[in-house]
Amino acid sequence: MQVLMLVIDEQRYQLESLYESVAKNCDLDLCRLSSKQQANLSAYFKKNVGVAKYERIILFLRFKKMFKQTAFIRRIPNLVILEHDACQNYYPESKYKGKFSQHFAALPWARVLVSSVTLADKLKKEGADAHFVPKIYDSSLLRNKHQQRTIDLGFIGSTQNDIYRKRRAFLEQAREQLGLFITRTRSGKEYLEMLNKIRFFLSADIGFGEYMAKNFEAMACGCVLLAYSQGEKEEKALGFEDMVNVVLYTDITELEEKLTLLREDPQLVSSIAKNGQTLVEAAFSSDSVGSKIVDAITPMLREKDDVSPFDYARYFFRH
């Protein structure tokens, strides 16, 4: 299958190994778009893309750029949208609340790949051709170095954006009550080294309804992941089993109780860390997710219908 994939030229985290995996499973042309090119897709396509050549055209671009160009995107045939931030559609604090629903409603024939099975189900109920494909960790970089872990309980990542308000509040509570170490690092080697220093990695993806990539990254580096529970459906889809390959909690009290239990049982800690690493290496590595993307885009797409200007305008006044 001949596939064109348009991606951001400077990703927030490393995805090169994912693109390489997709290319192993189809005949892929990969194009990296600058911010300026993403802001004017019509001009980019006119100059660089022969759409008739491709059986699938995947847009993996910044949503804030695409949302403003829905009229043009509706003209792209064989369209697939890969979106890792669509959880913000249902997040009250996000400026994009409801915007993903609007965008996808205007493109009902497009296949939409999102990183949460719960989210995919919600979008399907709204009429989107939504499918679940999990996020990845960069398996070419992140690994367990089997070194001494000098940080008992840690978190690496951002807390400043408004959408992380609940995360920030919980982490601050954990710092006060449990001695959580909070830091940020540059991506790459510095991130790898810091993850390998942490024994218990505390994840607080509160309100998102899905597990962020850093959960898989921590598990790949041999941390015991302590994760806020996103619900049975999500955990079953990912293969998460509480106290087997991950530690799940719903509030600070449960977290503290499980931490106390773990600190008294080094053998259980070792088992959970090993099982978690085995799971992510098998299910969320670049190679695994790349093949899942191709599997998801291979079945026939919905037939693209003509929509009147009246119907098109209606999509943008539905919320």
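In this report, we go over the structure that sits alongside the text. Computed from a prediction, not measured in an experiment: that's the story for all the values here.

Turning next to the packing of helix α10 (residues 213-220) against helix α13 (residues 266-283). Across the interface, α10 lies against α13 with an axial gap of 8 Å and an inter-helix angle of 120 degrees. In terms of their interaxial angle, α10 and α13 are classed as oblique. Relative to α13, α10 is oriented so that their crossing is left-handed. Two secondary-structure elements touch here, α10 through Phe 216, Met 219 and Ala 220 and α13 through Gly 276, Gln 277, Leu 279 and Val 280. Residue classes in the contact of α10 with α13 are distributed as five nonpolar, two polar and no charged.

Inspection of the secondary structure assignment puts Lys 274 in helix α13. For the pair Lys 274 and Val 224, spaced 50 residues apart in sequence, the C-alpha to C-alpha distance is 8.5 Å.

By the element assignment, Ser 203 lies in strand β9 (residues 198-203). With relative accessibility at 1%, the residue Ser 203 sits in the buried group. For Ser 203, the contacting residues outside a window of four places in its chain are Asn 215, Leu 225, Leu 226, Ala 227, Tyr 228 and Tyr 249.

Another aspect to go through is the pairing of strand β6 (residues 129-132). Summarising the sheet, strand β5 (residues 111-114) and β6 pair through four bridges and their orientation is parallel. Bridge pairing in β6 links Leu 113 to His 131. In this fold, the crossover linking β5 to β6 by way of helix α7 (residues 117-125) has right-handed handedness.

Strand pairing in a sheet takes place through backbone hydrogen bonds and is either antiparallel or parallel in direction. Judged by pairing direction, the sheet is parallel, and its five strands sit side by side in the order β8-β7-β9-β10-β11 without closing on themselves. Looking at strand neighbours, the two that pair on one side only are β8 (181-183) and β11 (247-249), the edges of this open sheet. The mean angle between the axes of side-by-side strands here comes to 25 degrees, regardless of whether they run parallel or antiparallel. The pairing of strand β7 (residues 151-156) with β8 spans three bridges and is parallel. Paired with Gly 154 across the strands is Phe 181, a residue of β8.

In this model helix α14 (residues 286-297) runs 17 Å from its N-terminal to its C-terminal C-alpha over 12 residues, within 8% of the 16 Å that 1.5 Å per residue would give. For α14, the full list of buried residues reads Ser 286, Ser 288, Val 289, Gly 290, Ile 293, Val 294, Ala 296 and Ile 297. Each element contacted by the buried residues of α14 is listed here: β1 (2-8), α1 (16-25), β3 (56-60), β4 (79-83), β5 and α13.

Now for the pattern of salt bridges. In the structure shown here, the tally under the stated rule is 14 salt bridges. A salt bridge links Asp 152 to Arg 199, with the nearest nitrogen and oxygen atoms 3.3 Å apart. With Asp 152 in strand β7 and Arg 199 in strand β9, this pair connects stretches of sequence that are 47 residues apart. By relative accessible area, which is 25% here, Arg 199 ends up partly exposed. Ionic pairing is found between Arg 263 and Asp 152, a salt bridge with its closest N-O pair at 2.5 Å. Taken together, the residues span a long stretch of sequence, with Arg 263 in helix α12 (residues 252-263) and Asp 152 in strand β7 at a distance of 111 residues.

Calculation criteria
- Residues numbered from 1 in each chain as written.
- Predicted model: local features only at pLDDT ≥ 70, side-chain atom pairs only at ≥ 80, totals over all residues.
- Heavy atoms only, no water.
- Axes fitted to C-alpha atoms, helices over the stretch in contact; angles between N-to-C directions.
- Helix = DSSP H or I, 4+ residues; strand = E, 2+ residues; numbered from the N terminus.
- Parallel < 35°, antiparallel > 145°, perpendicular 65-115°, else oblique.
- Left-handed = near helix turned anticlockwise from the far one by under 90°.
- Contact = heavy atoms within 4.5 Å.
- Nonpolar A, V, L, I, M, F, W, Y, C, P; charged D, E, K, R; others polar.
- Buried < 20%, exposed > 50% of the residue type's maximum accessible area, 1.4 Å probe, protein only.
- Pairing = 2+ DSSP bridges.
- Right-handed = clockwise from strand over helix to strand, strands pointing away.
- Expected span 1.5 Å × (residues − 1).
- Salt bridge = Lys/Arg side-chain N within 4 Å of Asp/Glu carboxyl O.

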